[in-house]
Amino acid sequence: MKSLVKTGYRPVDSVADEGSGRRWSFLEKLLLGLTLREYLRQAVRNPLNWILGALFAVGFPLIIYRFIFGLGVVTHSSNDYPWGLFLGFGLFVMVPLSASGFLMGTTVELFGRKDFKPILRIALLNGLLGYFFAVVYLLCDLGQPWRLPYPMVVAWGTAAVLFLVGWHVATYLTVQILEVSEAFFEWAQWPMAKQFIKKMTIGLTIAGIILSTLHQGALGALFTYAPSKVHPLWYSQEFLWIFFFVSSIFGGLCMVIVVSSIVKKTMFWRADEAFRENLDRLTIGLARGSSMALITYLTIKLLGIAHDNEWAYLATGWGQWFSFELLFGVIAPMVLFAYGIRNQRVGIVRFGALIAVLGIALNRLNTAIIAFNWNLYQEIPHIFEWIIAFTLFGLYIATYRFILYRLPIVYSWKKVPVEAYAKATEKVHSHGAVAQPSTVSREMR
Amino acid sequence: MSKMTRRKFLSVSLAGAAAGTFTLSGKAIGAAGFTGYPDGMGVLVDLTRCIGCRTCEAACNEEQKLPAPAVPFDDHSVFDELHHGGTQKRRTDENAFTVVNRYEAGKEGQPAYRKIQCNHCNEPACLTSCFVNAYTKTKEGAVIYNSKVCVGCRNCMVACPFRIPAYSYSSAFNPVIRKCIFCYDTRLKFGRPPACVEACPQEVLTFGHRKNLIKVAYERIRVNPGRYVGHLYGENEVGGTSWMYLSGVPFEEVGFDTTLQKEPILANAQAFLSNVPMVLSIWPALFLGFHRLATRGGEGAEEKPATEKREDI
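Conventions and cut-offs
- Residues numbered from 1 in each chain as written.
- Chains lettered and ligands numbered in written order.
- Predicted model: local features only at pLDDT ≥ 70, side-chain atom pairs only at ≥ 80, totals over all residues.
- Heavy atoms only, no water.
- Helix = DSSP H or I, 4+ residues; strand = E, 2+ residues; numbered from the N terminus.
- Buried < 20%, exposed > 50% of the residue type's maximum accessible area, 1.4 Å probe, protein only.
- Contact = heavy atoms within 4.5 Å.
- Areas by Shrake-Rupley, 256 points an atom, 1.4 Å probe, with all protein chains shown as cover.
- Core = buried A, V, L, I, M, F, W, Y, C linked by side-chain atoms within 4.5 Å.
- Salt bridge = Lys/Arg side-chain N within 4 Å of Asp/Glu carboxyl O.
- Axes fitted to C-alpha atoms, helices over the stretch in contact; angles between N-to-C directions.
- Parallel < 35°, antiparallel > 145°, perpendicular 65-115°, else oblique.
- Left-handed = near helix turned anticlockwise from the far one by under 90°.
- Pairing = 2+ DSSP bridges.
- Expected span 1.5 Å × (residues − 1).
- Arc of directions from axis to C-beta.
- Nonpolar A, V, L, I, M, F, W, Y, C, P; charged D, E, K, R; others polar.
- Patch = residues over 30% accessible without salt bridge, like charges linked within 9 Å, V, L, I, M, F, W, Y side chains within 5 Å.

(A) Representation of the overall build of chain B in the model. On a plain count of helices and strands, chain B comes out with nine helices and nine strands. The 313 residues of chain B split such that 53% are buried. Long-range pairs, those at least 24 residues apart, make up 61% of the contacts in chain B with a sequence separation of at least 6. Accessible surface computed for chain B: about 14,400 Å², of which carbon and sulfur atoms make up 57%.

(B) Seen up close, the nonpolar core. Formed by 216 residues in total, the largest nonpolar core has its most connected members in Phe92(A), Ile119(A), Ile122(A), Val161(A) and Tyr135(B). The element that contributes the greatest number of residues to this core is helix H13 (residues 240–266) of chain A, accounting for 15 residues. Leaving out residues up to four positions away in the same chain, Val161(A) has contacts with Ala218(A), Ala221(A), Leu222(A), Tyr225(A), Ala269(B), Phe272(B) and Leu273(B). Counting residues in each nonpolar core, the second largest holds nine residues, with Leu213(B), Tyr228(B), Leu232(B) and Met244(B) among its members.

(C) View of the pattern of salt bridges. For the structure shown, the criterion picks out 21 salt bridges over all chains. The shortest N-O distance in the salt bridge between Lys198(A) and Glu182(A) comes to 3.8 Å. Of the two residues, Lys198(A) is situated in helix H11 (residues 191–199) and Glu182(A) in helix H10 (residues 161–188); the sequence distance between them amounts to 16 residues. Using a relative accessible area of 12% as the deciding quantity, one classes Glu182(A) as buried. Close ionic contact of Arg49(B) with Asp46(B) constitutes a salt bridge, the shortest N to O distance being 3.5 Å. Through salt bridges with shared partners, a single ionic network connects Arg121(A), Glu182(A), Glu186(A), Lys194(A) and Lys198(A).

(D) Representation of the packing of H13(A) against helix H16 (residues 346–370) of chain A. All names here are of chain A. Remark: H13 packs on H16, axes separated minimally by 8 Å, with the N-to-C direction vectors making an angle of 135 degrees. With respect to each other, H13 and H16 are oriented oblique. The chirality of how H13 crosses H16 is left-handed. Across the interface between the two elements, Phe244, Ser247, Ser248, Phe250, Gly251, Cys254, Met255, Ile257, Val258, Ser261 and Lys264 from H13 touch Val349, Arg350, Ala353, Leu354, Ala356, Val357, Ile360, Asn363, Arg364 and Thr367 from H16.

(E) Geometry of the sheet that holds strand E1 (residues 41–46) of chain B. Residues and elements named next belong to chain B. Within the open sheet, the three strands sit side by side as E8-E1-E9. Their pairing is mixed. What marks the edges here is a single partner per strand, and that holds for strand E8 (205–209) and strand E9 (243–246). When the angles between neighbouring strand axes are averaged without regard to direction, this sheet yields 25 degrees. Note that E1 and E9 share four bridges and pair parallel. Each bridged residue has a counterpart across the sheet, and for Asp46 the counterpart in E9 is Leu246.

(F) Just helix H6 (residues 210–223) of chain B, in detail. Residues and elements named next belong to chain B. Over its 14 residues, H6 runs 20 Å from end to end, which matches the ideal 20 Å to within 8%, given 1.5 Å per residue. Considered for burial, the residues of H6 that qualify are Arg210, Leu213, Ile214, Ala217, Arg220 and Ile221. An end-on view of H6 places all buried positions within 125 degrees of arc, on one side of the element. Exposed and facing more than 90 degrees away from the buried side of H6 are Lys215, Arg222 and Val223. Along its buried surface, H6 packs onto E1, E8 and E9.

(G) Spotlight on the environment of His168(A). Residue and element names in this part refer to chain A. If you trace the backbone, His168 turns up in helix H10. A sequence separation of 40 residues divides His168 from Gly208, and the C-alpha atoms of the two residues are 9.6 Å apart. Among residues more than four places away in sequence, those in contact with His168 are Leu211, Leu214 and His215.

(H) Up close: the packing of helix H7 (residues 100–110) of chain A against helix H12 (residues 201–221) of chain A. Residue and element names in this part refer to chain A. The interhelical angle for the contact between H7 and H12, taken along N-to-C directions, is 140 degrees, at an axis separation of 9 Å. One finds that H7 runs oblique with respect to H12. Regarding H7 and H12, the two cross each other, and that crossing is left-handed. Side by side, H7 and H12 meet where Phe102, Gly105, Thr106, Glu109 and Leu110 of the first sit next to Thr201, Ile202, Thr205, Ile206, Gly208, Ile209 and Ser212 of the second. Partitioned by chemical class, the residues of the contact of H7 with H12 number five nonpolar, six polar and one charged.

(I) Main features of a nonpolar patch on the surface. Residues and elements named next belong to chain A. Together, Ile64, Tyr65, Ile68 and Phe69 line one region of the surface with nonpolar side chains, adding up to about 380 Å² of accessible area. Structurally, Ile68 can be placed in helix H4 (residues 47–69). Relative accessible area serves as the criterion here: at 43%, Ile68 is assigned to the partly exposed category.

Read these as spatial facts, not as claims about activity.
Have a look at this one:
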């Protein structure tokens, strides 16, 4: 794409081609204004596609294999370790990293911080995709995935925390689809639908806060069912749901920093000025928010140890592992953020955010797999389980990129003024003929 | 303007808070003070009488129509079986609902044996953690399972403090949870003891009303204090279980988890669950209030449609 942009190509970002004024057809929009041949050529040149292709070539057959022969052939999940990587990574890691949707929605729509608008949509998309793929992982893990709607319609186990998780993730997924659909309706040019969604924004945002508070916490509360299995340092009857909720706040924010940094690095051509010029400033802003959540999290983590009087465990091997998790995943990002914010060093802040994201992942894997059954034996997931988990993650990246290339997420959908639109229809459409954006386009958002 | 907003904000918040409190008091979740089912049946397992003959395993296998085992039931070499790097003894699985293990814990070099199976908790964690109500605690005391609604999430296996529910991982199209169901369908329902109890030649297993069994157990301890450690395992563990154990050697030496809490497992999630009605009722008003304050009484919101009209396609 970068080389295409150098030759003067401009990706579709408006209703009609700015040179000729011809309206883009749906297929042209899908192909980013390229011909099929051009599109395929740039796809083949992209090294990420080769990596994903290789991963999918191994992973998809394994997924089919799993659905024909059962979980037993691809996982080490056992009667002692019922949950492996599919839930440990796919659900418990993906969900906190997807808290960005409700956090940025709250910041922008509810608290009126319009200055964060350039990254609002990527935060919403990050939320939607994270949740969607958590469900995909779940479907892969469930023994009878076709019965997933059962807790909604067939049998209600209302006293269960998982019931809450199920309902809230399902309703929140709906909320997030509606939130992101605004971008889709702009792209697909359905202004009425967009207006309809826009009217619901505040309602959707508040629904997002309610649902997120409850199910982010509920994922933590799930482990209160296993008091004798999760290591005491990771278990806290009173605080577990607060740990999960508070850590999802910086998890979601840091994930937006990480994802937007990747976009800036690899999809610069797709981002518009608002995104390009504001990103560094907003990254620092996100880091400020994350710092608050990190400090809160560290405080309650220590409070949790004090509350259950678990100091003695810190001297054990498990205590060292626990200390490492806190030092690496919480204190290191705090220090990096403090330095980065103070000296306006965005690179340091981005690095800190990456560490925090990895720290969250480590915490969730610890709670769900590593420190689970600490007094039994350690289980290392089956090689096929790793491959399937990575395949689904690759699918997540591919979907993410597919949407970012097209929908107005990091750029705004522009409108071509009537005069330019009416002007020329006989002109042959070419990529070289690009009019000055300042004269023909107007900000959409 | 701002004064109006603040008043409005306060009133909606208060209404929300009131609704939250009301909901909380109306809905009692949790199990504090739960004492179980007065008429429930149970089994008293007296480990001091067990000789490790595995007759109970064979009886269970036949009654539940389970596949024949790899090693016959009269072969005692299974007691030497160790799994997972030599740390784990045999456990229940999809083809064995009860298992007897040998421990080198007995007095004067005598081995001790322990039979494991579902303990049929008074307030089962599997039941309360299941989001489709696949489990039922019957009035007779059995914890049974409905495979017709099970989604296969395996949360019950995470929740069971005794690690009993097993899963048929090998099945792709109808994997289910498998565990001892107290011979509910074939025996308990008709007032008969489970197959293992009837088959036991040593009278290790005593079937009866749970409340009577507690009396029997303490009577045995009283009459023969040297024979037993003075504890009835299952009387109070995780809210009490229908199957209870007497032992001559410390329980932790024969593989019991002696660190279990007295309260039912559900009690642990209670604090979180009681937040639910509060968040549901207070958050909307609270955050709508924040929104109105943050955007200066909706001024920000009002100016939005005007710009939208200009911007839209």
